[in-house]
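# Per-entry structural report
Chain residues, written in single-letter form:
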Amino acid sequence: MVYLGSAFTLSGRQGCIGASAGKGEAEIVCSFTSGAVEVYNVHGQCCVRSWSLQSSDRLSCPAVYHHPSQRYFAVRNGQELLSWSEGAEAIDHTPQPLPTNVHSLLTPDSLPWVGVIYHNGTLGLLEEDGRGGEVPLMGRATRRTNPTVLATDLWVCGREEVAVVLYSLQGQCHISLCALRKDATPTTTALKAEGQLLCCCVCGSELVSSWTSGNTLSTSLEQLCKPSHSQGTHSRQHTLTLSPSPTLLAGISEHYFALGQIDSSSGAERGTIVSVWDTRYGTCQARTTIAVQYTSQLCHLHGFLLAVGGEGVMVCSVGCEDGGVLSAALGRGQVETIKDSLLIVPSWVQPDKVSPLLALGG
């Protein structure tokens, strides 16, 4: 059984552009359009540290904490990497110029570098001093056709930490998987599109994606990485048809993910409906409404679901009894009984050429 606790306000500051896990077990890093970076303790529900840009510039990528280097990283003005330590007074005193505009940052837990996903479809691996290499996530021929990066996430596959990048190329949606190592070779394949991609997340070894068609797909990442000669076997793909289409997704654990939908039952946006689903059975396990409008991000950090919006950051605890408590719950919220939804397993479609996962790094 899955339950969601009562929601509370972690930050009422407007203009939050993203949240990520901090240094401590209960710390959340929130970044704001004003250039402020604040660290909150989710148990104490208070801000414990904060920094701000010294200039009038704005952050273009929210701050993330990298445990191996014990430093924070963020991007200013699209292509300036900022790096600072816990005790720093300023965060932009030594910006590192980057070759092109950055889409997002990935922080592996076991590697000495940070993954930088550029808008042109390149993966950069940068160390604390800004040095590092680059790995093209697609062939040189396709890079010349101006691909558009749509979404990114991090997949832990055994001992590997793998960048998952979805991008659009000539109207076709593709996925690229690349281990965060300097000798890695990416695996790329086309996805069966269901209209335009709205959002996606990694849930265990599944890629969950929401499309404008109203379908939410759960596709096995491990199957995409199998050698081409074994692709004749069935590739698991679950389809949920939901209305309205989810615009927010967050992986919770190996089998559970959360999705967010606009609550417009009264004719105007009232908040965000958050529900937790089981990838094994395609069923909704719990649901609640979080009173935050214009939500731009839904994420699962330290056992809590965070809804990040222009008006602040709302948090609710989440737990499951079959897999152990996922959070130190602030109190069990009452969960309404929800009828199981129909799970449709469509016939499997042969993907384009796919390399083995071992080819990600040899």
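Scroll up a little and you will see the structure.
Because the structure is a prediction, the values reported are computed rather than measured.

## A word on the packing of aromatic side chains
- Throughout the structure, instances matching the rule amount to four aromatic pairs.
- On the numbers, 5.8 Å between centres and 65° between planes, the contact of W51 with W84 is edge-to-face. Taken together, the positions of W51 in strand β6 (residues 46-52) and W84 in strand β9 (residues 80-84) put the pair 33 residues apart, joining distant regions of the chain. In terms of burial, W51 and W84 fall into one category: buried.
- Look at Y72 and W84: their rings are 5.6 Å apart centre to centre, the planes differ by 15°, and that puts the pair in the stacked class. With a gap of twelve residues between them, Y72 in strand β8 (residues 71-76) and W84 in strand β9 connect regions that are remote in the sequence. Residues Y72 and W84 agree in their burial class; the two are buried.
- What links up through ring pairs into an aromatic cluster is the set W51, Y65, Y72 and W84.

## Regarding the side chain of S245
- Along the chain, S245 turns up in the loop between β22 (237-241) and β23 (248-251).
- Within the structure, the side chain of S245 is placed 3.3 Å from the backbone oxygen of W211, a separation counted as a polar contact.

Each value, and the rule that gives it
Residues numbered from 1 in each chain as written. Predicted model: local features only at pLDDT ≥ 70, side-chain atom pairs only at ≥ 80, totals over all residues. Heavy atoms only, no water. Phe/Tyr/Trp six-rings, centres within 6.5 Å; stacked < 30°, edge-to-face > 60°. Helix = DSSP H or I, 4+ residues; strand = E, 2+ residues; numbered from the N terminus. Buried < 20%, exposed > 50% of the residue type's maximum accessible area, 1.4 Å probe, protein only. Polar contact = N/O pair within 3.5 Å; in protein donor to acceptor, adjacent residues only side chain to side chain.

This is a description of form; function is not addressed.
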